[in-house]
Amino acid sequence: MEKILVTGGLGFIGANFIKYMFRKYKDVEIFNYDKVTYAANPDNLKEFEGKKEYHFIKGDINNFEFLDYVVNKNKIGTIIHFAAESHVDNSIKNPNVFVETNVLGTMSILNIVKRHNLRFHHISTDEVFGSLGFSDKPFDETSCYDPKSPYSASKAASDHLVRSYINTFGIKATISNCGNNYGPLQHEEKLIPKSITNILKGENILIYGKGENIRDWIHVQDHCRAIDLILHKGKIGETYCISGRNEKSNIEIARMIVRLMKVSQNRIEFIKDRPGHDLRYAINDSKLRSLGFEPKYDFETGLKETIEYYKKKHQGESI
Ligand SMILES: NC(=O)c1ccc[n+]([C@@H]2O[C@H](COP(=O)([O-])OP(=O)(O)OC[C@H]3O[C@@H](n4cnc5c(N)ncnc54)[C@H](O)[C@@H]3O)[C@@H](O)[C@H]2O)c1
């Protein structure tokens, strides 16, 4: 039985990943280690309560002694590291906790990985590479790091630490840098769920600036499939960029949401841009494609399903 410790498994991508793993594998035991911050939703994984292959452990990744105890006691073989402070807007208001969790927390995990000789996969973001102009070539694994927000700077620092532990101590690690995820279970602070729930509440969709900022959107289940592939077929020590091959501006997303939710375009409201707002992220994922990766989700279908999910959640239906 493969014993995997997932950090941040009560968050958006971690919870989707745990669901994906239990759907795909019969011989996996998962230890979900999560501090339960404001971003966690224990309901996300309620279906697994009582399942003998699933264990929830409330803990902070900065608590080295406790994490070490959990890894040792349960004979963990692999750590997949999702736990992070993940919202750029919050990092502008309060950067400190981003360094504590994303940088020092990752460092604490790396010391555990080194001590127990574990397989480690580090989840990161394309935001570490900075911002592209409209006609620049997409980022790939060789792109220079040029983070622009406290969030992306903290993720960049964590990537550098992982790379340094691979190089210096030979830990068995891989890194992935992925574009913006969408899909069920995401916290309502983020663009797509916030826009959908604002419409459901009778409020407007709020778009920074003119909404020209472009992101490379991937369905969270495609991200999970990519992580699984890297975990099982990726080369130790390597970084893989993950893309949905789906560049969309914020205003395009907002227009799709109002169209699919059958409300007027006047429900889109433009507000003052946030400081240091990156213009464009885009990813060339040919390295991952060489492992056989193809995103399965078509954006419009994925967005329709996501709208249905938030409608049910809004109505208080079990999901
Ligand atoms: N959401 C995206 O679009 C996206 C894109 C690329 C990469 N990522 C990366 O993927 C990972 C997961 O993102 P997400 O959107 O699921 O985040 P999220 O904010 O939804 O969830 C984060 C989870 O981490 C937990 N956590 C926070 N601090 C912790 C700590 N100190 N110790 C233990 N647990 C802690 C929280 O309780 C929460 O359950 C992050 O590393 C993020 O940088 C996210």
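Look a little higher up for the structure.
Just so you know, these numbers come straight off a predicted model, no measurement behind them. The residue numbering used here restarts from 1 in each chain and proceeds along that chain's sequence as written. Note on the predicted model: pLDDT of at least 70 is required for a residue's local features to be given, and 80 or more for side-chain atom pairs to be given and counted; whole-chain, interface and lining totals, by contrast, use all residues. Side-chain measures here rest on the full set of heavy atoms in the structure, leaving out hydrogens and waters.

1. Some words on unusual backbone geometry
Consideration 1: If you check the backbone angles, Val36 has positive phi at about 60° while not being a glycine.
Consideration 2: Strands are runs of DSSP state E lasting at least 2 residues, helices are runs of H or I lasting at least 4, and numbering of each runs from the N terminus. Note on placement: Val36 falls in the loop between strand S2 (28–34) and strand S3 (54–58).
Consideration 3: Looking at Val36, the relative accessible area reads 30%, which means it is partly exposed.
Consideration 4: The backbone of Leu185 shows a phi angle near 80°, a positive value even though the residue is not glycine.
Consideration 5: Looking at the secondary structure, you find Leu185 in the loop between strand S7 (180–182) and helix H6 (191–200).
Consideration 6: Exposed residues in this analysis have more than 50% of their type's maximum accessible area, buried residues have under 20%, and partly exposed residues fall in between, with area computed by a 1.4 Å probe over protein chains only. The exposure class of Leu185 is buried, given its relative accessible area of 11%.

2. A short note on H6
Consideration 1: Here H6 lies mainly inside the structure; seven of its ten residues are buried.
Consideration 2: Where H6 is concerned, the buried positions are Ile192, Pro193, Ser195, Ile196, Thr197, Asn198 and Ile199.
Consideration 3: By definition, residues are in contact when any of their heavy atoms lie within 4.5 Å. At its buried positions, H6 is contacted by S7, strand S8 (205–208), strand S9 (214–219), helix H8 (250–260) and helix H10 (299–314).

3. Quick word on the sheet that holds strand S11 (residues 247–249)
Consideration 1: Read across the sheet, three strands follow the order S7-S9-S11 without closing on themselves; strand pairing throughout is mixed. Single-partner strands in this sheet number two, and they are S7 and S11. The mean inter-strand angle of the sheet, taken between neighbouring strand axes irrespective of direction, is 50°.
Consideration 2: Contacting S7 and S9, helix H7 (residues 220–233) crosses the sheet at an angle of about 75° to S9. At least two DSSP bridges between two strands are needed for those strands to be called paired. To define axes, lines are fitted to C-alpha atoms, for helices over the stretch in contact only, and angles between the resulting N-to-C directions are given on a 0 to 180 degree scale.

4. Describing the packing of helix H1 (residues 12–24) against H7
Consideration 1: Where H1 contacts H7, the two axes come as close as 9 Å, and the packing angle between them is 65°. For the crossing formed where H1 meets H7, the hand is right-handed. Note on element contacts: H7 touches H1 through Val220, Gln221, His223, Cys224, Arg225, Ile227 and Asp228, opposite Phe12, Ile13, Asn16, Phe17, Tyr20, Arg23 and Lys24.
Consideration 2: We call Asp, Glu, Lys and Arg charged. Ala, Val, Leu, Ile, Met, Phe, Trp, Tyr, Cys and Pro are nonpolar, and the rest, Gly among them, are polar. When its residues are assigned to classes, the contact of H1 with H7 shows seven nonpolar, three polar and four charged. Crossing chirality is assigned from the near helix's rotation relative to the far helix, an anticlockwise turn below a right angle marking it left-handed and a clockwise turn marking it right-handed.

5. Some points on the site of the ligand
Consideration 1: Distances are taken per atom, and a residue is near a molecule or strand as soon as one of its heavy atoms is within 4 Å of it. The full set close to the ligand counts 28 residues, and Ile13, Asp34, Ser86, Tyr151 and Lys155 are the nearest of them.
Consideration 2: Pairs of N or O atoms within 3.5 Å make up the polar contacts considered here, provided that, within protein, one atom can donate a hydrogen while the other can accept it, and that residues adjacent in sequence are counted only when both atoms are side-chain atoms. One nitrogen or oxygen atom from the side chain of Asp60 is found 3.0 Å from a nitrogen atom belonging to the ligand.
Consideration 3: Exposure was quantified through the Shrake-Rupley algorithm and a 1.4 Å probe, taking into account, for residues, occlusion by the shown protein chains and nothing else. Protein chains bury 97% of the 840 Å² of accessible surface belonging to the ligand in isolation.
Consideration 4: With three residues, strand S5 (residues 119–125) is the single largest residue contributor to the shell around the ligand.

6. A word on helix H2 (residues 64–73)
Consideration 1: What H2 keeps buried is the set Leu67, Asp68, Val70 and Val71. All buried residues of H2 lie within an arc of 160° about the axis, which places them on one face of the element. Exposed positions of H2 whose direction lies more than 90 degrees from the buried face are Glu65 and Lys73.
Consideration 2: Looking at the buried positions of H2, the neighbouring elements they touch are strand S1 (2–7), S2, S3, strand S4 (78–81) and helix H4 (96–116).
Consideration 3: Count one or two residues on from H2 and you reach Lys75, which has phi positive near 50°. Picture the helix axis, draw a direction to every C-beta atom, and the arc is the one those directions span.

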